[in-house]
Amino acid sequence: MAINSDFYTWSIVCAAGAVTLLARASFIVLPPETRVPAWLQRSLKFVAVAVLPAIVLPDVLFRDVQLGHSFNSYRVIAALVAMLVAWKTRSIFATLGAGMTALWLMQYFRPF
Amino acid sequence: MPIVPNTDIPATRPVTSSQDPNQVLRMRRSAFIRGFKDSTPAVFGLIPFGMITGAAATAAGMEPWLAMGMSIIVYAGASQLAAISLLTQHAPAFVVVATVLVVNLRFMMYSAAVAPYFRHLSTRKKWLLSYFLVDHNFAMLTSRYPLDHQSAGAVANTDSDPDPDPDIAIDPAAKNRQPHNAKQHHDAYFLGISCFLWPMWQLTIAFGIFAGTLIPAQWSLDFAIPLIFLALVLPALQSRAHWLTAIVASTATVFTQDLPMKLGLIVAAIVGVSLGAWLDDRATKKTAVSI
């Protein structure tokens, strides 16, 4: 599980930093007549809602399967609770609080 | 030949060059301080988020120095969490970097929106200010000093004609509202925001990393990463196209789990974003026809 601070990982971090800087600098350093392409504008609206769930889902569903445990229902249930709270409150901290509390309660009482 | 005193002042400060340098300095300083002050509420709002990001990084198994270095090099919270999540899932380098890029593509929109404010600066300064560009200083700069000029609005240069003469005020309509020269110190205002935001963010991250090393693994603090993403995604599901995108992309990841090297994520992202963009395109065309 551990992410070691070896040369390989540092290279990934530097490359990630480089592409991030390029995205930030893009229209600031490009000539002023450069336009935002329509496809980019259109796609950007959907990047977060496509990519973030695609990262979350395997992390929640399969994390412990990969570690050799059975299907991880505690995290799945806690994530469902958090989704409900996120939908209702639209608050990061309420979502975090609800999700973590749900997970901790289940880990403590082990209802199933 | 008459001596032109201003020739060695680069074109980066065209309007101010004819002014008393002390006054310019004073104005720049006050713009800087204004930015610093304006950013205070945003900075205090960031403190818990930074601490959780730092703690989650350590809880996910990241070495403290690596987490700190990443925070300084990348300087974008959500993409850092995405990278950490993927690194723990043993994704290959290019998937991690591609994901960070995609999560941070929104900076291109910010970049387009703030570009008119920085047009008079040297390339080096442009790169420097670019590094500091985040959600907060973009929002504050563009909302405090809105560009009336339609072309320079939030989604930028779509129908602008280029402004070839930097001597012309960025926003001609605003000339009546405030002193012309004040408009020339947006970079100082922006830097004022950033010079509070950046160190405070790094400090809270450092604190979170430190706290994370003390918190036992049973607390499962790494679960904060998916939770933060859920908190970001659900409020963003504002239309049918958004819902469909999220559902299709999630389903695609589950069914592409067996693809090697986490390629499923890339597939899911491409499928999801293309579907969303297509639906959006179709909806716009429909509206256009019905009108």
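Rules behind the numbers
For every chain, the first residue of the written sequence is number 1, and numbering continues from 1 along that sequence. To label them, take the chains in the order written and letter them from A, then take the ligands in the order written and number them from 1. Local features in this predicted model are restricted to residues whose pLDDT is 70 or higher, and side-chain atom pairs enter the listing and the counts only when it is 80 or higher, whereas totals over whole chains, interfaces and linings include all residues. For helices the rule is a DSSP run of H or I covering at least 4 residues; for strands it is a run of E covering at least 2, with both sets numbered from the N terminus onward. Here the globule rule is a power law, 2.2 Å times the number of residues to the power 0.38, and the radius of gyration is based on C-alpha atoms. Whether a residue is buried, exposed or partly exposed is read from the other C-beta atoms within 10 Å of its own C-beta, which are placed from the backbone; 20 or more gives buried, 12 or fewer gives exposed, and intermediate counts give partly exposed. Two residues qualify as a contact pair if the distance between their C-beta atoms, derived from the backbone, is within 7 Å. The length a helix should cover is 1.5 Å for every residue beyond the first. The nonpolar class holds Ala, Val, Leu, Ile, Met, Phe, Trp, Tyr, Cys and Pro. Asp, Glu, Lys and Arg form the charged class, and all remaining residues, Gly among them, are polar. Simply put, an axis is a line fit to the C-alpha atoms, just over the touching stretch for a helix, and the angle between two N-to-C directions goes from 0 to 180 degrees. Oblique is the label for every angle not falling under 35 degrees (roughly parallel), over 145 degrees (roughly antiparallel), or within 65 to 115 degrees (roughly perpendicular). Here a crossing is taken to be left-handed if its near helix is turned anticlockwise relative to the far helix by less than a right angle, and right-handed if that turn runs clockwise. The quantity known as pLDDT measures the predictor's confidence residue by residue, on a range of 0 to 100.

Caption draft 1: Structural view of the overall build of chain A. Scanning chain A from terminus to terminus reveals five helices and zero strands. Its helices and strands in sequence order give chain A the pattern α-α-α-α-α, from N to C terminus. Relative to its length of 112 residues, chain A is extended, with a C-alpha radius of gyration of 20 Å against a globular reference of 13 Å. The dimensions of chain A, computed from C-alpha atoms along their principal axes, are 60 × 40 × 20 Å. Buried residues in chain A amount to 39% of all 112 residues.

Caption draft 2: Structural context of the overall build of chain B. Helix and strand content of chain B: twelve helices and zero strands. The order of α-helices and β-strands along chain B, N terminus first, is α-α-α-α-α-α-α-α-α-α-α-α. Counting all 291 residues of chain B, 42% fall into the buried class. Expressed as a percentage of contacts within chain B between residues at least 6 apart in sequence, the contacts between residues at least 24 apart total 75%.

Caption draft 3: Molecular detail of helix 4 (residues 73–89) of chain A. Compared with an ideal rise of 1.5 Å per residue, which puts 17 residues at 24 Å, helix 4 of chain A spans 24 Å between its outermost C-alpha atoms and is within 8% of the ideal. Phi turns positive one or two residues past the end of helix 4 of chain A, at Arg 90 of chain A, with a value near 55°.

Caption draft 4: Just the interface of chain B and chain A, in detail. On the side of chain A, 64 residues touch chain B, which itself brings 85 residues to the contact. Here the residues of the side of chain B that touches chain A sort into 57 nonpolar, 21 polar and seven charged.

Caption draft 5: Inspection of the environment of Leu 275 of chain B at higher detail. Residue and element names in this part refer to chain B. Within the fold, Leu 275 resides in helix 12 (residues 263–290). In this structure Leu 275 comes out as partly exposed when scored by C-beta crowding, with 19 C-beta atoms within 10 Å. Distance in space between the C-alpha atoms of Leu 275 and Met 62 is 35 Å, their sequence separation being 213 residues. Leu 275 has contacts with Leu 244, Thr 245 and Val 248, leaving out every residue within four places of it along the chain.

Caption draft 6: Structural detail: the packing of helix 1 (residues 21–38) of chain B against helix 9 (residues 186–214) of chain B. Residue and element names in this part refer to chain B. Remark: helix 1 packs on helix 9, axes separated minimally by 7 Å, with the N-to-C direction vectors making an angle of 40°. By the criterion of interaxial angle, the relationship of helix 1 to helix 9 is oblique. For the pair helix 1 and helix 9, the sense of crossing is right-handed. Along the contact surface, helix 1 presents Arg 28, Ala 31, Phe 32, Ile 33, Arg 34, Gly 35, Phe 36 and Asp 38, while helix 9 presents Ala 188, Tyr 189, Phe 190, Leu 191, Gly 192, Ile 193, Cys 195 and Phe 196. Of the residues assigned to the contact of helix 1 with helix 9, the class counts are eleven nonpolar, two polar and three charged.

Caption draft 7: Highlighting the packing of helix 5 (residues 92–109) of chain A against helix 10 (residues 224–233) of chain B. Here helix 5 of chain A crosses helix 10 of chain B at 140°, and the two axes come no closer than 9 Å. It follows that helix 5 of chain A is oblique to helix 10 of chain B by the angle criterion. The hand of the helix 5 of chain A/helix 10 of chain B crossing is right-handed. Residues Ile 92, Thr 95, Leu 96, Gly 99 and Met 100 of chain A of helix 5 of chain A form the contact with helix 10 of chain B, whose participating residues are Ala 224, Leu 227, Ile 228, Leu 230 and Ala 231 of chain B. Tallied by class, the residues present in the contact of helix 5 of chain A with helix 10 of chain B amount to eight nonpolar, two polar and no charged.

Caption draft 8: Examining unusual backbone geometry more closely. Residues other than glycine seldom take positive phi values, yet Arg 90 of chain A does so here, at roughly 55°. Following the sequence through the fold, Arg 90 of chain A ends up in the loop between helix 4 and helix 5.

Caption draft 9: Examining helix 4 (residues 77–88) of chain B more closely. Under the 1.5 Å per step criterion, the end-to-end length of helix 4 of chain B is 17 Å for twelve residues, consistent within 8% with the ideal 16 Å. Here helix 4 of chain B lies mainly inside the structure; eleven of its twelve residues are buried. Every buried residue of helix 4 of chain B is listed here: Gly 77, Ala 78, Ser 79, Gln 80, Leu 81, Ala 82, Ala 83, Ile 84, Ser 85, Leu 86 and Leu 87 of chain B. At its buried positions, helix 4 of chain B is contacted by helix 1 (7–29) and helix 2 (38–61) of chain A together with helix 2 (40–59), helix 3 (64–74), helix 5 (93–103) and helix 10 of chain B. Where helix 4 of chain B ends, the next residue or the one after it, His 90 of chain B, has phi of about 60°, a positive value.

Caption draft 10: Just the environment of Gln 80 of chain B, in detail. Mapped onto the elements of the fold, Gln 80 of chain B is located in helix 4. Aside from chain neighbours lying at most four places away, what touches Gln 80 of chain B is Thr 53, Met 70, Ser 71 and Val 74 of chain B.

Caption draft 11: Broad picture of the environment of Phe 207 of chain B. Residues and elements named next belong to chain B. Mapped onto the secondary structure, Phe 207 falls in helix 9. In this structure the C-alpha to C-alpha distance between Phe 207 and Leu 141, which are 66 residues apart in sequence, comes to 28 Å. Sequence-distant contacts of Phe 207, that is, excluding residues within four places in its chain, are made with Met 51 and Gly 54.

Caption draft 12: Representation of the confidence of the model for chain B in the model. Residues and elements named next belong to chain B. Of the residues in chain B, 79% reach a pLDDT of 70 or more, and the chain-wide mean stands at 80. In the model, residues 1–14 has pLDDT below 50 throughout and makes 13 contacts with residues more than four positions away in sequence or in other chains. Per-residue pLDDT stays below 50 along residues 150–182; that stretch engages in 57 contacts with residues further than four places along the chain or on separate chains. Taken over the whole predicted complex, pTM reads 0.78, whereas the ipTM for its chain interfaces reads 0.85.

Caption draft 13: Highlighting the confidence of the model for chain A. Taken over all residues, the pLDDT of chain A has a mean of 86, while the share at 70 or more is 90%. For chain A, helix 3 (residues 63–66) of chain A is the element with the lowest average pLDDT, namely 60, and helix 1 of chain A is the one with the highest, namely 95.

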